[in-house]
Amino acid sequence: MTALALIDGNSFYCSCERVFDPKLERRPVIVLSNNDGCAVARTAEAKALGIGMGAPFFKIKDICRSGNVAVFSSNYALYGDMSRRMNQVYQGFSPDIEIYSIDESFLDVEHLPIKDRTAWASDLRSTTRQWTGIPCCVGIGPTKTLAKLANKAAKKLAGGVLDLSEERIRAEVMATFPIADVWGIGPASQEKLRHLGIEYAGQVRDMDPKLARQLMTVVGERIIHELNGRQAIALEAVAPQRKGCAVTRSFGERVTQKIQMEQAVAGYATRLGEKLRRHNLATDHVTVFMHTSQFSKDDPQRSVSMTVDIPEATNDTLSLIKAARRAVDALWQDGFRYSKAGIITQDLVPPAQSQRALFDAMDHERAAKVMAAMDKANRRWGRATVVPAATMGGAKKPQTFTTKFEMRSPRFTTRWAELPMCR
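Starting afresh in each chain, residues are numbered from 1 along the sequence in its written order. In keeping with the predicted nature of the model, local features appear solely for residues at pLDDT of at least 70, side-chain atom pairs appear and are counted solely at 80 or more, and the whole-chain, interface and lining totals rest on all residues. For side-chain calculations, the full set of non-hydrogen atoms in the structure is used, while hydrogens and water are omitted.

Novice: Quick rundown of the pattern of salt bridges? Include the residues and the values.
Specialist: By salt bridge we mean one thing: a side-chain nitrogen of Lys or Arg within 4 Å of a carboxyl oxygen of Asp or Glu. Throughout the structure, instances matching the rule amount to 21 salt bridges. A salt bridge links E25 to R129; its shortest N-O distance comes to 4.0 Å. Within this pair, whereas E25 is found in the loop between helix 1 (12–19) and strand 2 (29–32), its partner R129 is found in helix 5 (residues 117–132), the two being separated by 104 residues in sequence. Type-normalised accessible area, obtained with a 1.4 Å probe on protein chains alone, sets the label of each residue: buried when under 20%, exposed when over 50%, and partly exposed for intermediate values. E25 gets classed as partly exposed once you look at its relative accessible area, which sits at 39%. Among the ionic pairs, D375 bridges to R277, the shortest N-O distance being 2.7 Å. Here D375, found in helix 13 (residues 364–381), pairs with R277, found in helix 11 (residues 258–278); they are 98 residues apart in sequence, far enough to count as distant. Taking the relative accessible area as the measure of exposure, D375 reaches 15% and is therefore buried. Only runs of H or I of at least four residues qualify as helices and only runs of E of at least two qualify as strands under DSSP, and these elements are numbered from the N terminus.

Novice: Residues and numbers for the side chain of R18, please.
Specialist: Mapped onto the elements, R18 comes out in helix 1. When its relative accessible area of 14% is taken as the criterion, R18 is described as buried. What qualifies as a polar contact is a pair of N or O atoms within 3.5 Å, subject to a donor-acceptor requirement within protein and to the restriction that residues adjacent in sequence count only when both atoms come from side chains. Of note is the side chain of R18, whose polar atom sits 3.0 Å from the backbone oxygen of E25. Contact criterion: two residues are considered in contact whenever any of their non-hydrogen atoms come within 4.5 Å of each other. With near-sequence residues (within four places) excluded, R18 lies in contact with L24, E25, R26, R27, V29, T43 and E45.

Novice: Got a sec to walk through the sheet that holds strand 3 (residues 39–42)? Specific residues and values, please.
Specialist: Sheet strands associate in pairs through backbone hydrogen bonding, adopting either a parallel or an antiparallel arrangement. A sheet is described by the order of its strands in space; here 3 strands give the open sequence 3-2-4, paired in mixed fashion. If you trace the sheet from one side to the other, it starts and ends with strand 3 and strand 4 (70–72), each paired once. Ignoring which end each strand starts from, the neighbouring axes of this sheet average 25 degrees apart. Packing of helix 1 onto the sheet brings it into contact with strand 2, strand 3 and strand 4, and relative to strand 2 it is tilted by some 115 degrees. The pairing criterion is simple: DSSP has to find at least two bridges between the two strands. Every axis in this analysis is a line fitted to C-alpha atoms, fitted for helices over the stretch in contact. Angles between the N-to-C directions lie between 0 and 180 degrees.

Novice: Give me the lowdown on the layout of surface pockets, citing residues and values where you can.
Specialist: By rolling a water-sized probe across the atoms, one finds the places where empty space is left. Cavity: a set of points on a 1 Å grid over the protein atoms alone where a 1.4 Å probe fits but cannot get out. Pocket: an open set with protein on both sides within 12 Å along at least five of seven lines, its lining residues, like those of a cavity, having an atom within 4 Å of a point. Grid points are joined across faces, edges and corners, and a volume is the space filled by probe spheres set on the points. Empty space within the second largest pocket amounts to approximately 1100 Å³. Lining the second largest pocket are 41 residues, and of these D8, G9, N10, S11 and K155 lie nearest its centre. Elements with a contribution of two residues or more to the lining of the second largest pocket: strand 1 (4–9), helix 1, strand 3, helix 2 (44–48), helix 5 and helix 6 (144–154). At 5 residues, helix 1 tops the list of elements feeding residues into the lining of the second largest pocket. Residue type decides the class: Asp, Glu, Lys and Arg count as charged, Ala, Val, Leu, Ile, Met, Phe, Trp, Tyr, Cys and Pro as nonpolar, and the leftover types, Gly among them, as polar. Partitioning the lining of the second largest pocket into residue classes produces 17 nonpolar, 9 polar and 15 charged. The domain boundaries here were taken from an automatic or database domain assignment. When residues of the lining of the second largest pocket are sorted by domain, at least three fall in each of domain 1 (4–163) and domain 2 (167–228).

Novice: Account for the pairing of strand 2, with residues named and values stated.
Specialist: Residue alternation in strand 2 divides its side chains into two sets, V29 and V31 and I30 and L32, and both sets are buried. Relative to strand 4, strand 2 runs parallel, the two sharing 3 bridges. Bridge pairing links I30 to V71 in strand 4. Strand direction decides the pairing type here: strand 2 and strand 3, joined by 3 bridges, are antiparallel.

Novice: Please give an account of the state of the cysteines that cites residues and values.
Specialist: Here, two cysteine sulfur atoms that lie within 2.5 Å of each other are counted as a disulfide. Scanning the entire structure with this criterion turns up 0 disulfides. With no disulfide of its own, C16 lies 9.1 Å from the sulfur of C14, the closest cysteine sulfur. Of the residues examined, C16 reaches a relative accessible area of 0% and is grouped as buried. Unpaired in terms of disulfides, C136 finds its nearest cysteine sulfur in C137, a separation of 7.7 Å.

Novice: How would you explain unusual backbone geometry if you had to name every residue and give the values?
Specialist: Residues other than glycine predominantly adopt negative phi, and peptide bonds predominantly adopt the trans conformation. Located in the positive-phi region is S11, a residue other than glycine, with phi close to 45 degrees. Inspection of the secondary structure puts S11 in the loop between strand 1 and helix 1. Residues other than glycine seldom take positive phi values, yet T217 does so here, at roughly 60 degrees. Along the polypeptide, T217 turns up in helix 10 (residues 209–227). On the basis of relative accessibility, which here comes to 49%, the residue T217 falls in the partly exposed class.

What follows is the structure, given as C-alpha cells:
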C-alpha cells in the first residue's frame with residue numbers, strides 16, 4: 001500500500017521569526033499580510049487572545065497592545081530561504097519529495113527501508129527542529145488526503161506525529177474529525193454536507209462516490225476515494241511545468257497619475273520577464289489589471305483589465321513592457337485613486353516550441369544576449385541593479401511602488417548587511 005508523509009512548519013511565518021529571537025518563544029506572535037493589512041500567521045498564544053485568521057490589523061491593535069503581541073510585517077525572503085533549508089533536511093530522509101507549499105512537503109515513505117514509521121517521522125521532526133529551528137508536525141497515510149488529515153490531527157498530540165496506515169486508527173480519528181478540516185472540502189461543500197447531516201470525515205468517507213460527485217464535482221469523488229485509502233492524487237516529485245505566472249502588488253500609497261501606473265506596470269513586467277527566463281518559458285500575451293480599494297468608501301470605485309497579444313511568445317522584458325504599457329494607455333482614466341495593479345499571463349510554453357511570427361519577427365538572438373547580461377548583473381550585484389528605463393520615469397532609482405513593510409524583521413539569511421550578530 002502507498003504511504004505518504006506530510007510535514008509542515010507550525011505557524012510557519014511566526015516560527016521563522018522566533019528562530020532568530022528566542023525571547024519570542026512563549027510570547028504571542030502574528031505576521032501581517034502585504035501592506036500590514038491582516039493577520040496571516042498566528043502562534044497558539046495569539047489565537048488564545050482571540051486573534052482570528054485574516055483579522056484586519058487596525059481592528060486588533062488594542063488586543064496586540066494589551067496582550068504584548070509581537071507583530072511583524074511579512075518577510076518573504078526569510079520565509080522562502082527557511083523553507084529551502086527545511087526541504088534540504090527532508091532530502092536526507094526520502095529521495096522523492098513534492099514541495100506542496102512554502103511550509104508543506106509530501107514525502108514518499110512507501111519505498112523506504114524502515115520498520116517503524118512513527119519512529120522515522122519523529123526523527124524527521126526532531127532533526128528538522130534541530131537543524132533549522134522550525135517546529136513541525138508529521139502525518140502519514142496511504143493517500144495525500146489522509147496524510148493531510150493525519151498531519152492536522154497530529155498537531156493536538158504531544159509527539160506531533162500520527163500514522164494512519166492502519167484502518168482501525170483511521171476510523172477512530174475520522175469519527176470525530178470535522179469536515180471543515182478535510183483537505184478539499186470548502187465552505188460551500190461543507191454547507192451542502194451539513195444539510196445531509198454529515199459533520200465528520202468518517203461520514204464523508206462512507207458516502208456514495210456518485211453522490212459526492214453531484215454535490216462537490218469530481219473533487220468530491222476523489223476525496224471519497226482518498227479517505228478510503230485509494231490513491232486519487234499522485235505524488236508529484238517532479239514539479240509540473242508552470243501554466244501561468246503573475247506579478248501583482250498593492251501600492252503603499254494610492255496611484256493617481258498615469259506616469260506612476262506606467263512605471264509600476266513596467267516594473268511588474270520586468271519581474272515577470274525574470275520569472276519566465278528562470279523557468280525557461282515564454283508567453284504570447286499579457287493581461288494587465290488595476291483597481292481602486294473597495295474599502296475606501298469616499299473614493300469612486302473602478303476595476304478594469306485588458307489582455308494584449310504579442311506577435312510571438314517571448315520572455316524578453318522589453319517586449320513585455322511594451323505590451324503592458326499598451327494596456328495602461330487603453331485602461332487609464334484620471335480621477336481615480338488606484339490601490340493595486342498587476343500583470344498576469346497564461347498558457348506558457350518553452351521558447352523553442354513557440355511559433356515564430358511571419359511579420360514583425362523579433363531578433364531573438366540579440367534579445368537573449370541583452371536579457372542574459374541584465375540577469376547576470378542583477379544576480380551578482382542585487383535585483384534592480386540594471387533595469388529598463390521605463391521603470392525609472394526620469395528618477396535616479398527605479399520606482400518600486402512597493403507595499404508597506406513597516407515592521408519587517410531583518411532578512412537574516414539572504415542579506416550580508418542583515419546577518420544576525422552576536423552581542
